[in-house]
Amino acid sequence: MLTGSFRNSKRINLLESLPRDSEIKVLITRPNHRLGNQLLITPLIQEINKQFPNCKIHLIVNGNLSYILLSNYHCVETIFNLPKKPFNNIIDYLKKSISLISNQYDIAIVGCEDSNSSKIFVKLSRAKFKIYNSGTTKLNRPEHIAKIPIYNLRKFLGPSDYLTDRYPKLSIKLSRQEIEKGNQRIKALFNSNKKTICIFTFATGNKCLSKKWWLKFYKELKTEFTDFNVLEILPNENVSQINYESVHFYSNNLREIASVIENSVVFIGADSGIMHLSSSTNTTTFGLFNVTDPKTYGPYGGNNIPLDTNSVKLSEIIERIKEAIF
């Protein structure tokens, strides 16, 4: 494979070239349009901004979601939003690719090690230092897809004593005004002072748990948490695995959805973009996994918990929720 031969830059004169208080320019490459994948680079953005407080970050992504998701990340200066379908928009794709290649960067870093296109854009970039992976040594290397590029950056910058420091969690950086609007939205939906539990019953393909599973789970929720509202967040597909039995909410504004989740005590949902959106808030997120690997994609940080529904019983999930709420 072509990208398998790409190697990190040598760290010659690294500290002289990258003083921590300088306005360095950093390129992150993650040309993917999916909600979850774009949120999964927010920990890397936070880490770079921590390491270089005056940095200017440029991103390579697909689609327009990052403008919305990262609107409160002031360190993000430029977003190259490549077309979702490059071959259907080849002229626009080439124009933006040439534009970003013409820029000079201090660091260019791959946002996902498994993405060949991410590596190719780093290779083509005019960056002093290029980071593709962790090199040959992978001591204490994390498994989570959001943590790996942070590990790679830390290992490249050195020294190694902070390789295992706590990793930043996903964050959409909601403003106080957005959070208050979410609070008002929930009050309007329920006209109640009860606390709210959010559920999201949809996911793509085999990640979506059956209606039978969700209906049984919803019944248990209503039985065990009588003093709580239960709110179903609906997907763009407008489907419900509990047949719309609960009060439900839909918005085409992702920040509004996040603000509603922020005002809930817990969120429960299968591996999906909305699950990652929830884990980018301060609300405890229970991620339900039955196909994908929770060690790679599960919600982490705070009190977030990934659960494998193949081995964890429904009653155990209810007990974990009780522990989180009470």
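Above this text you will find the structure in question.
The following refers to the structure shown. (Residues numbered from 1 in each chain as written. Predicted model: local features only at pLDDT ≥ 70, side-chain atom pairs only at ≥ 80, totals over all residues. Heavy atoms only, no water.)

### Things to note about the pattern of salt bridges
- Going through the model one piece at a time under the given rule, you end up with eight salt bridges.
- Close ionic contact of E113 with R141 constitutes a salt bridge, the shortest N to O distance being 2.6 Å. Here E113 is found in the loop between strand 4 (104–110) and helix 6 (116–124), whereas its partner R141 is found in the loop between strand 5 (126–131) and helix 7 (148–157), with 28 residues between them in sequence.
- Its relative accessible area of 18% is what places E113 among the buried residues.
- Judged by its relative accessible area of 24%, R141 is partly exposed.
- The partner of R255 in a salt bridge is E178, and the shortest N-O contact between them spans 2.7 Å. (Salt bridge = Lys/Arg side-chain N within 4 Å of Asp/Glu carboxyl O. Helix = DSSP H or I, 4+ residues; strand = E, 2+ residues; numbered from the N terminus. Buried < 20%, exposed > 50% of the residue type's maximum accessible area, 1.4 Å probe, protein only.)

### A look at the sheet that holds strand 10 (residues 284–289)
- Pairing is parallel in the open sheet, where six strands are placed in the order 8-7-6-9-10-11. Of all the strands in the sheet, just strand 8 (247–249) and strand 11 (305–308) have a single pairing partner and so form its edges. Between one strand axis and the next, the sheet turns by 25° as a mean value, whatever way the strands run.
- Of the strand pairs in this sheet, strand 9 (residues 266–270) and strand 10 are connected by five bridges, and their pairing is parallel. Pairing of I268 across the sheet is with F286, part of strand 10. (Pairing = 2+ DSSP bridges. Axes fitted to C-alpha atoms, helices over the stretch in contact; angles between N-to-C directions.)

### Digging into the state of the cysteines
- The full count for this structure, using the stated rule, is zero disulfides.
- In this model C208 remains outside any disulfide bridge; the closest cysteine sulfur is found in C198, 17 Å from its own. (Disulfide = S-S within 2.5 Å.)

### Focus on the sheet that holds strand 1 (residues 25–29)
- The strand order across the open sheet formed by five strands is 3-2-1-4-5, and the pairing between neighbours is parallel. The open sheet has two edge strands with one neighbour each: strand 3 (76–82) and strand 5. The average undirected angle you get between the axes of adjacent strands in this sheet is 25°.
- With six bridges connecting them, strand 2 (residues 56–62) and strand 3 associate as parallel partners.

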